Amino acid sequence: MTHTRNTPASRIESLAPDLGALPARAARAWTERMAVSPLGGGQYVVETEADANHVVDLPHGRCSCPDHVRRGARCKHLRRVAIEVTQGRVPPPGSRATDCLACGRTTFVPETIRLPLCEFCTYRPGERVRDRETGDYLVVAGVVDRRADEVEIRNLDTTVAAHPTNRAYDPGEPVVEVTYPGSDRRYSFPRSRLVRRPLDGRGGGSIATV
């Protein structure tokens, strides 16, 4: 394998920590058998191999174990939660693990999000997408954390889900707001009505005003 001049190559080295160089508590955090379960609000339960359970409050750096309560130490449980968050094994504070509505992949989303989408299935502001129904290219303005059957269409007595052009789509999926290139007027669609790539080589038609 070769590297271009502008592409740096990492050194040949192990990414595992040198346990002999770590403080005792840090080494135990890496090596002891523990299970970490998120409780929400930045708190986690750590189950140890001795069948003890301790609650870690990661944002405030607290643990319910005697080592922390009595000695004020940064205990192995605090360290273990930090390790698992860093490695993506458990969600970070303020996030929760859930299944993406579009693909079913497990993903971490903010705790306040009702309709979760993973990073591969969500659309980002400024992204160019295509309408399955008309073939038109549109620009994403944002994803709305509300169901298509909850979002009212302005100036029409209907919801996004009930609009005639959207009845083939799941009324429970999130809504994406889009604009025509060069326009500020927003239109709302069910997420799955939009795709990132052209469906075919035909030119786009007119878009339903929703």
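Summary of the structure given here. (Residues numbered from 1 in each chain as written. Predicted model: local features only at pLDDT ≥ 70, side-chain atom pairs only at ≥ 80, totals over all residues. Heavy atoms only, no water.)

## Structural notes on empty space enclosed by the protein
Phase 1: Summed over all chains, the structure comprises one cavity of 30 Å³ or more.
Phase 2: For the largest cavity, the calculated volume is near 30 Å³.
Phase 3: Residue lining of the largest cavity: 13 residues in total, with G40, Y44, P92, S95 and E111 positioned closest to the centre.
Phase 4: Every element with two or more residues in the lining of the largest cavity is listed here: β1 (34-40) and β2 (43-48).
Phase 5: No other element matches the three residues that β1 contributes to the lining of the largest cavity. (1 Å grid on protein atoms, 1.4 Å probe; cavity = no way out; pocket = protein on both sides within 12 Å on 5 of 7 lines; lining within 4 Å. Points joined across faces, edges and corners; volume = space filled by probe spheres on them. Helix = DSSP H or I, 4+ residues; strand = E, 2+ residues; numbered from the N terminus.)

## What to know about helix α1 (residues 24-31)
Phase 1: Of all the residues in α1, the buried ones are A26, A27 and A29. Buried residues in α1, looked at end-on, bunch into an arc of 155°, giving them a common side.
Phase 2: As for α1, its buried residues are in contact with β1 and α3 (76-86). (Buried < 20%, exposed > 50% of the residue type's maximum accessible area, 1.4 Å probe, protein only. Arc of directions from axis to C-beta. Contact = heavy atoms within 4.5 Å.)

## Considerations on the sheet that holds strand β3 (residues 53-57)
What holds strands together in a sheet is hydrogen bonding between their backbones, with the strands either parallel or antiparallel.
Phase 1: Strand order across the open sheet formed by four strands is β1-β2-β3-β4, with antiparallel pairing between neighbours. The two strands at the open ends of the sheet, each matched to only one other strand, are β1 and β4 (62-63).
Phase 2: Taken together, the two bridges between β3 and β4 define a ladder with antiparallel strand orientation. If you follow D57 over to β4, its bridge partner there is R62.
Phase 3: Contacting β1, β2, β3 and β4, α3 crosses the sheet at an angle of about 75° to β1. (Pairing = 2+ DSSP bridges. Axes fitted to C-alpha atoms, helices over the stretch in contact; angles between N-to-C directions.)

## Digging into α3
Residues spaced three or four apart along an α-helix point in a common direction, a consequence of the helix completing one turn every 3.6 residues.
Phase 1: Buried residues of α3: H77, L78, R80, V81, I83, E84 and V85, and no others.
Phase 2: Each element contacted by the buried residues of α3 is listed here: α1, β1, β2, β3, β4 and α2 (66-71).
Phase 3: Phi turns positive, to about 75°, at G88, one or two residues after α3.

## Some words on the pattern of salt bridges
Phase 1: Within the structure shown, the criterion is met by twelve salt bridges.
Phase 2: The salt bridge partner of E127 is R196, with a shortest N-O separation of 2.4 Å. With E127 in the loop between β6 (106-110) and β7 (128-131) and R196 in the segment after β11 (194-195), this residue pair connects regions lying 69 residues apart in the sequence.
Phase 3: The structure contains a network of salt bridges with shared partners spanning R25, D67 and R71. (Salt bridge = Lys/Arg side-chain N within 4 Å of Asp/Glu carboxyl O.)

## Some words on the nonpolar core
Note that soluble globular proteins tend to have their nonpolar side chains buried in a common cluster.
Phase 1: Residues Y44 and V81 are the most contacted members of the largest nonpolar core, which totals 13 residues.
Phase 2: Of all the elements in the fold, those that place two or more residues in this core are β1, β2 and α3.
Phase 3: Per-element accounting of this core gives the leading share, three residues, to α3.
Phase 4: Counting residues in each nonpolar core, the second largest holds nine residues, with Y123, V178, Y187 and F189 among its members. (Core = buried A, V, L, I, M, F, W, Y, C linked by side-chain atoms within 4.5 Å.)

Fair warning: the whole summary comes from geometry, so function is off the table for now.
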